[in-house]
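Coordinate analysis (summary)
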Amino acid sequence: MINPIGYNVINTYPKTFRGNNIAPVYTNTMPLQNSKLSQDTVNFSAEEKFQNESKSKKSGLSKGAKWALGIAGTAAAVYGYVVGHRILTKPTIEKVAQNFSEIFRRDISTEEAQKIVNKYKDILDIKNTEEFCKKAFEQVKKDYGYDNLGINLKIEYMPDTKISTILSREAGASWNASDGVITLHVPDVKNAKYPLDKSQKSELISGLLHEFQHTKQTEIAYRTSPEKLAQAYEKNVSKNNMLEYINKQLDNTYALKKYAENHNITVEEAKKQLEKLKKIYNENKAEIEEGFRKARGNITEEYRKMLDKLFGKYEKLKPDSEEYNLGMKYIENQANYINGRDDYSGYRAQILEKEAHAVNDKYNKIYNYFANPWRIW
């Protein structure tokens, strides 16, 4: 997940190589009919029962009952199609090993692939949310070869205002290279009626795989040129200034609404607050810009220190090698990183996110290898 830039005026600078992996998870609470029954069979059985219980009614089923039965039949048909698709597209263990090799960027044998699959299956069975998050983080970190690296986990429970509807529960993750932290953004289930289901836990594993891919990209970029990477980071940070941030909120209805929500004020109050900030900025532009310049320098310095701590012992890449050329692409992308909230198409097309989201696609295929094809979730 990319933490939105600018919702806090004091800290408007982007973190580096953060992926947007939050995706809604839908839970279907409606009982499904046996998928072997056709829609006609379901309707006939239900209608016969209804007529037996209501012999005095000559008109048969009401429109509402027929509509409900039609929906149930459609749901059964869709469910049957989904299950059939899962069975037909279940990958072989050889394909699973190939996908793991591409995700972790090292050779994974079929034997090791099966062991990793078994570990993920066991982790998905963990009931306690915090224990699950820690075990999943440790396993993915190890699979990427970073088990001895000082990358830490932060669990952030998201406000649970929509959880009662079940239909808009989200899970995701983000990578903050400046702090060396991967954050899991978890639906707040500590006091909720509904604990995390396997679908949500699988989304969190997918999120971890996505964000550790950004970590891998950071590593390769650093081993290509620490200096150029730091310069690219500072250039990206410099693109964001207070006036640009204020104008984006004022000119975009959605952004203004989100700003109001984040500050727990009305949209009208948010507009007045931003206009006041804009006036203050214009009256003190030179002083404010100097403050931002110093802050950017401090942020870049802290960023470089963290990268030195994480990857300083890694061997530098040879110029013009395949990985070196890839690292230069990462550095260029870092300098011109596109925020998904500004341009989602551009965000998904850039190499940093294109690779990371490809990891999610590969994991989904792997999950189809070991998950129950008859699952509703």
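Use the structure listed above.
Residues numbered from 1 in each chain as written. Predicted model: local features only at pLDDT ≥ 70, side-chain atom pairs only at ≥ 80, totals over all residues. Heavy atoms only, no water.

1. Here we look at the pairing of strand E4 (residues 181–187)
When you tally the buried positions in E4, you get seven out of seven residues, the bulk of the element. Alternating residues of E4 divide into Val 181, Thr 183, His 185 and Pro 187 and Ile 182, Leu 184 and Val 186, and every residue in both groups is buried. Where strand E2 (residues 152–158) meets E4, seven bridges bridge the pair, whose relative direction is parallel. Residue pairing in the sheet places Lys 154 in a bridge with Thr 183 of E4. (Buried < 20%, exposed > 50% of the residue type's maximum accessible area, 1.4 Å probe, protein only. Helix = DSSP H or I, 4+ residues; strand = E, 2+ residues; numbered from the N terminus. Pairing = 2+ DSSP bridges.)

2. With respect to the pattern of salt bridges
Summed over all chains, the structure comprises twelve salt bridges. For Glu 112, the salt bridge goes to Arg 106, with nearest N and O atoms at 3.1 Å. A salt bridge links Arg 304 to Asp 308, with the shortest nitrogen-to-oxygen separation between them at 3.0 Å. Taken together, the residues Arg 304 and Asp 308, both in helix H11 (residues 285–311) and four residues apart, mark about one turn of the helix. A relative accessible area of 25% means that Arg 304 is categorised as partly exposed. Judged by its relative accessible area of 31%, Asp 308 falls in the partly exposed class. Connected via shared salt-bridge partners are Lys 216, Glu 219 and Arg 223. (Salt bridge = Lys/Arg side-chain N within 4 Å of Asp/Glu carboxyl O.)

3. Digging into the packing of aromatic side chains
Enumeration according to the criterion identifies 13 aromatic pairs in this entry. Measuring from centroid to centroid gives 5.7 Å for Phe 311 and Tyr 314, while their planes differ by 80°, and the two rings are edge-to-face. Overall, Phe 311 belongs to the buried group, its relative accessible area being 0%. Taken together, the ring pairs in this structure connect Phe 100, Phe 104, Tyr 120, Phe 137, Tyr 144, Tyr 146 and Phe 212 into an aromatic cluster. Seen from the ring of Phe 132, Lys 201 lies directly overhead, with NZ or CZ sitting 5.8 Å from the centre. (Phe/Tyr/Trp six-rings, centres within 6.5 Å; stacked < 30°, edge-to-face > 60°. Lys NZ or Arg CZ within 6 Å of the ring centre and 35° of its normal.)

4. Quick word on the environment of Ile 220
Turning to its location among the elements, Ile 220 is positioned in helix H6 (residues 198–224). Among all residues touching Ile 220, those that are not within four sequence positions of it are Arg 105, Leu 317, Glu 323, Gly 327 and Tyr 330. (Contact = heavy atoms within 4.5 Å.)

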